[in-house]
Amino acid sequence: MVPEEKPNGPGTGEERARLQAAGSIRKSRDLLADSQDSRLQSRRTRIHQQINKELRMRTGAENLYSNAQVRETVALELSYVNSSLQLLKEELEGLDGSMDADQPESEGVTVPMIPLGLKETKQLDWATPLKELISGHFGEDGTSYEAEIRELEELRQQAVRTPSRSEAGLELLTAYYNQLCFLEARFVTPARSLGLLFHWYDSLTGVPAQQQALAFEKGSVLFNIGALHTQIGARQDRSCPGGTGRAVEAFQRAAGAFGLLRENFSHAPSPDMSPTSLSMLEQLMTAQAQECVFEGLSLQAPTDPYDCLAQLHLAQEAAQQVAAEYRLVHQTMAQPPVQDYVPFPWTTLVHVKAEYFRALAHYHAALALCDGPLVAEAELPAVEQVFLGLSASSAPRGPALPQEREESRKLGKAHLKRAILGQEEALRLHAVCRALRRVDLLQAVLAQALQRSLAKYSELDLEDDFFETTEAPDIQPKTHQRPKARAPSFSRVKVADIFHRLGPLSVFSAKNRWRLVGPIHVARGEGGFGFTLRGDSPVLIAAVVPGGQAAAAGLKEGDYIVSVNGQPCRWWKHAEVVAQLKGMGDEGVSLQVVTLLPSVEPPGLGARRPGLGALLRSQKECGRETPGPARASPRPLLGWSRKAKRGKTGRRLSPAPQP
């Protein structure tokens, strides 16, 4: 029996209306989300089309770059294309980041930073040279290593050609760099390269450069590690203490990467990796890290807003290492040859920051003198360090600090006048550069600082007293936290040698020559097999008993066991080989060994070989893992085209110190 449905009560209609309203709200939200996704997808498609257009323009200009008559014009066009590509890729990365997670908006207004664009490269064909080398030198079937070669190509594609502007992208770059260390140790010798042409575009100018040295590939990857740190630091929300701390660390690591590159690479084929450019980039990243330190101190507001010493400490921090270091960076950028390829907006922005922070130092000094209480006798040495540069134990010199309220306010007005003049100069420099005029955030920061200084000046005196005779002294710079460059930690990312099947690097590399012997049948005698073993991966025949079974079979001292009864044992431990031999009966064992042959170097290469080692790293320090103990000698981290003349005592032949 079906129960009869009761008529609707008085509250049923209201409930139905409320549910319908909620459903319409959800539907409108879904439509809004769909429209937003559609707009993002349209923007992403448009950016991809623009990127493809710029790439086609770059290809056409690159074809004309070899023509000496139009090289300067083509170089200028490549610079424009390079700038457009970097801006488009940053915009695309921002869209992709907005889809992943909502980024918290900055509550405060901060000065924009200078991120560095990544070097771009072309696709490489690893298969042909590696297969030929594996077949010719290692005596194995090169086609059987297609999976390893494909893995290497995919790693390069993800790490170098399409990197993510995040910590995940850094890990991929570091993993690929460590893999290049394996490739260099196994396949490269001073007399022979891989035969590949590594093609990279300059990050600053977009001009193409190419070399056959694997070290050029390693150096370009290391450059991108530093550049990616700059982008991560520039994207941090510096309106909170956590964001400023992360930005400081990112710029420190960027400076460390560029410093490591400068110390260990010479004769770079592209301007962005020349020693002068790397020195400039190192200074720039250190200055930006110091700026983040100042911003972090500014966020830590003192409990007393009229704390004189707190304002003076901010004045010192703003004067050094922020304004002072930006002045040094500007001087470096204005010197040839750096000024020829550094973007003009960079030079102008650095100059603007130097004027802005010097004016900010005078502003904080004015607040301390005008709003703070009179300097107590106990605080006098600390204040004298700010204005006169005196230490606590030095004798007084220069003009005495004002002890009266009116004199203190007068000196504060003089500092405020210098702050206003400096901020007006920063705004003037900002207006000169057309590219900076489009940066609304920078103009807002400068205008806000100037309005704040003018408002404070109007509080002190409504009359125009810009022609007072009081002259404000310079603020003596002092920093309470000096950022230091931090070298990349390659051991942080553990990788395994892709071509570990070829055998341990201590034996099976392009530097060594060997002969495969066997299978050799060795019978068991009364005293055993007649040889002693030593070492791991591969196990070495340390001694052969004269007249024994091993000597009769043809085994020699110094041979490496690579197969036991048909089982490959290149990576076996000493105990594993011994246990396998002990389990053999009277029928004996079948061994396969390799005998190292004397290496043959072309005449004259022996004297230049030490010049390739600029910075030695063990496999553990570089974050490299092998399936067995690595007994290969450390490889140089970086270095190419080092010209070391014979007989010259001053050349760099010894390894550089560890970073």
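What counts, and at which threshold
Residues numbered from 1 in each chain as written. Predicted model: local features only at pLDDT ≥ 70, side-chain atom pairs only at ≥ 80, totals over all residues. Heavy atoms only, no water. Helix = DSSP H or I, 4+ residues; strand = E, 2+ residues; numbered from the N terminus. Buried < 20%, exposed > 50% of the residue type's maximum accessible area, 1.4 Å probe, protein only. Contact = heavy atoms within 4.5 Å. Areas by Shrake-Rupley, 256 points an atom, 1.4 Å probe, with all protein chains shown as cover. Salt bridge = Lys/Arg side-chain N within 4 Å of Asp/Glu carboxyl O. Polar contact = N/O pair within 3.5 Å; in protein donor to acceptor, adjacent residues only side chain to side chain. Pairing = 2+ DSSP bridges. Core = buried A, V, L, I, M, F, W, Y, C linked by side-chain atoms within 4.5 Å. Phe/Tyr/Trp six-rings, centres within 6.5 Å; stacked < 30°, edge-to-face > 60°. Lys NZ or Arg CZ within 6 Å of the ring centre and 35° of its normal. Axes fitted to C-alpha atoms, helices over the stretch in contact; angles between N-to-C directions. Parallel < 35°, antiparallel > 145°, perpendicular 65-115°, else oblique. Left-handed = near helix turned anticlockwise from the far one by under 90°.

## Some remarks on the overall build of the protein chain
Along the backbone of the protein chain there are 18 helices and 12 strands. Buried residues in the protein chain amount to 46% of all 659 residues. In the protein chain, the proportion of contacts linking residues at least 24 apart, taken out of those at least 6 apart, comes to 78%. Counting only carbon and sulfur atoms, one obtains 52% of the accessible surface of the protein chain, whose full area is about 32900 Å².

## Topic: the pattern of salt bridges
As enumerated under the stated definition, the model contains 16 salt bridges in all. We note a salt bridge from Glu146 to Lys131, for which the minimum N-O separation is 3.1 Å. Note that Glu146 is positioned in helix α4 (residues 146-161) and Lys131 in helix α3 (residues 127-136), a separation of 15 residues in sequence. With relative accessibility at 38%, the residue Glu146 sits in the partly exposed group.

## What to know about the environment of Thr595
Position of Thr595 among the secondary structure elements: in strand β9 (residues 589-597). A sequence separation of 39 residues divides Thr595 from Lys556, and the C-alpha atoms of the two residues are 8.3 Å apart. Excluding residues that lie within four positions of it along the chain, Thr595 makes contacts with Arg513, Trp514, Arg515, Val517 and Asp559. A polar contact of 2.8 Å, which involves the side chain of Thr595, links it to the side chain of Asp559.

## Thoughts on α3
Because an α-helix packs 3.6 residues into every turn, residues spaced three or four apart end up facing the same way. Among the residues of α3, Ala127, Pro129, Leu130, Leu133 and Ile134 are the ones counted as buried. For α3, the elements touching its buried residues are α4 and α5 (167-187).

## A word on the pairing of strand β7 (residues 560-564)
Extensive coverage of β7 is indicated by the burial of five of its five residues. Both strand β6 (residues 539-544) and β7 contribute to a ladder of two bridges, which runs antiparallel. For Val539, the partnering residue across the bridge sits in β7 and is Ile561. Relative to β9, β7 runs antiparallel, the two sharing four bridges. Bridging from a neighbouring strand, Val564 pairs with Leu591 of β9. Sheet topology note: the β7/strand β8 (residues 567-568) ladder contains two bridges and is antiparallel.

## Remarks on the nonpolar core
Trp126, Phe187 and Phe499 are the most contacted members of the largest nonpolar core, which totals 105 residues. Sequence-distant contacts of Trp126, defined by excluding residues within four places in its chain, comprise Ile149, Leu152, Glu153, Arg156, Tyr176, Leu180, Leu183, Leu194, Leu196, Phe198 and Leu214. One finds Ile520, Val522, Leu555 and Leu591 within the second-largest nonpolar core, a separate group that totals 19 residues.

## Focus: the side chain of Arg186
Tracing the chain through its elements places Arg186 in helix α5. A polar side-chain atom of Arg186 sits 2.9 Å from the main-chain carbonyl oxygen of Phe508. Residues within four places of Arg186 in sequence aside, it is in contact with Phe138, Asp497, Phe499, His500, Leu502, Gly503, Leu505, Phe508, Ser509 and Ala510.

## Some points on the packing of aromatic side chains
For the structure on display, the rule yields 12 aromatic pairs. Note on Tyr356 and Phe357: the rings are 4.9 Å apart at their centroids and 75° apart in plane angle, and the pair reads as edge-to-face. Among the aromatic residues, those joined into a ring-pair cluster are Phe138, Tyr145, Phe187, Phe499, Phe508 and Trp514. The positively charged end of Arg501 is found above the aromatic ring belonging to Tyr145, 4.1 Å away from the centroid.

## Overview of unusual backbone geometry
Following Pro336, the chain continues into Pro337 via a peptide bond in cis, with omega recorded as 0°. We note that Ser537 has phi near 45°; this positive angle belongs to a residue other than glycine. With respect to the helices, strands and loops of the structure, Ser537 is situated in the loop between β5 (531-534) and β6.

## A closer look at the side chain of Gln179
Along the polypeptide, Gln179 turns up in helix α5. We classify Gln179 as buried; its relative accessible area is 4%. There is a polar contact of 3.0 Å between the side chain of Gln179 and the backbone nitrogen of Ile498. Setting aside residues up to four positions removed in sequence, Gln179 forms contacts with Leu152, Leu155, Val495, Ala496, Asp497 and Ile498.

## Quick notes on the packing of helix α11 (residues 344-370) against helix α15 (residues 440-460)
Following both chains from N to C, one finds α11 and α15 inclined at 25°, their axes separated by 11 Å at the closest point. On the basis of their axis angle, the class for α11 and α15 is roughly parallel. In this structure, α11 crosses over α15, and the sense of that crossing is left-handed. Contacts from Leu349, Val352, Tyr356, Leu360, Tyr363, Leu367 and Cys370 in α11 reach Leu442, Val445, Leu446, Ala449, Arg452, Ser453, Lys456 and Leu460 in α15.

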